[in-house]
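Residues per chain are reported as follows:
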Amino acid sequence: MYRRLSLATLLVVGLTGCLGDTARPDHPENEIALTAAPEACSARAPELAPKLRLPRTETPVSRKGTDPTLELAQVHTVNRALEQAGVWTDFDDGWSLLALELRSDGARALAVRLRDTQLPRNTAVWICSADKRVRQGPYSEATDGELWTPVVPGNRALLHVWVPTAQKSNFRAQLADVYGSYR
């Protein structure tokens, strides 16, 4: 024997929690399934990321006993938590973006070294040229807590880190150095 249920009855059953524990939004089975981070330096990224202005990148002065032809870049030591240097933006799709713009006048290209880095699952680290034409990444692992990026051209670069919002508190990275290339 079949029994017809009215729409009102179905709504009452659904709203009173008769669907079981897995209907709760905080239940682990109901986490957003995140497979790949959004694209780096996309239109979604905020245009007004904080700017970290570094010292001017200058070519080395000839020093006795040093062969300047072997030097390629100037090291700008920062030693600052990336979470404090950049700004987080949370999106409705379950992703958060940590963005930071780097600048060193005189540099032909920029690269970074992160240390004491902990990247939660599905995290993607990118470094992009300021014009967003050159993108390096995504990087999702930090060997022995360190992550070195390749260079991107120009004296300005965007550092973007996409992290699942639910894992944002597990992200850690120290912006150790920025390398300003002069060759």
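Residues numbered from 1 in each chain as written. Predicted model: local features only at pLDDT ≥ 70, side-chain atom pairs only at ≥ 80, totals over all residues. Heavy atoms only, no water.

Peer 1: For the side chain of Glu101, give the residues involved together with the corresponding values.
Peer 2: Along the chain, Glu101 turns up in strand β4 (residues 95-103). Those residues within four positions of Glu101 in sequence are excluded, and the remaining contacts are Ala49, Pro50, Lys51, Leu52, Arg156, Ala157 and Leu158. (Helix = DSSP H or I, 4+ residues; strand = E, 2+ residues; numbered from the N terminus. Contact = heavy atoms within 4.5 Å.)

Peer 1: Describe the nonpolar core, with residues and values.
Peer 2: What tends to happen in soluble globular proteins is that the nonpolar side chains get buried as a cluster. Ranked by internal contacts, the top residues of the largest apolar core, which has 25 residues, are Leu82, Leu102, Phe171, Leu175 and Val178. The element contributing the most residues to this core is strand β10 (residues 156-164), with 4 residues. Apart from residues no more than four positions distant in its own chain, Val178 is found in contact with Leu54, Gln74, Val75, His76, Val78, Leu102, Leu110, Ala111 and Val112. If you look at the next biggest cluster of nonpolar residues, it comprises 12 residues, including Phe91, Ala99, Trp126 and Leu158. (Core = buried A, V, L, I, M, F, W, Y, C linked by side-chain atoms within 4.5 Å. Buried < 20%, exposed > 50% of the residue type's maximum accessible area, 1.4 Å probe, protein only.)

Peer 1: Summarise the confidence of the model for the chain; cite the residues concerned and give the values.
Peer 2: Looking at the chain as a whole, its pLDDT mean stands at 77, while 69% of the residues score no less than 70. A low-confidence stretch, residues 1-32 stays under pLDDT 50, and its non-local contacts, those more than four residues away or across chains, total 12 contacts. (pLDDT = per-residue confidence, 0-100.)

Peer 1: Describe the packing of aromatic side chains, with residues and values.
Peer 2: As enumerated under the stated definition, the model contains 3 aromatic pairs in all. With a centroid separation of 5.9 Å and 90° between ring planes, the pair formed by Trp88 and Phe171 is classed as edge-to-face. Of this pair, Trp88 sits in strand β3 (residues 87-90) while Phe171 sits in the loop between β10 and β11 (172-181), placing them 83 residues apart in sequence. Given a relative accessible area of 23%, Trp88 falls into the partly exposed group. For Phe171, a relative accessible area of 1% translates into the label buried. A ring pair is formed by Trp148 and Tyr179, whose centres lie 5.7 Å apart and whose planes are at 20°; its orientation type is stacked. One end of the pair, Trp148, is in strand β8 (residues 147-148); the other, Tyr179, is in strand β11, and 31 residues separate them in sequence. (Phe/Tyr/Trp six-rings, centres within 6.5 Å; stacked < 30°, edge-to-face > 60°.)

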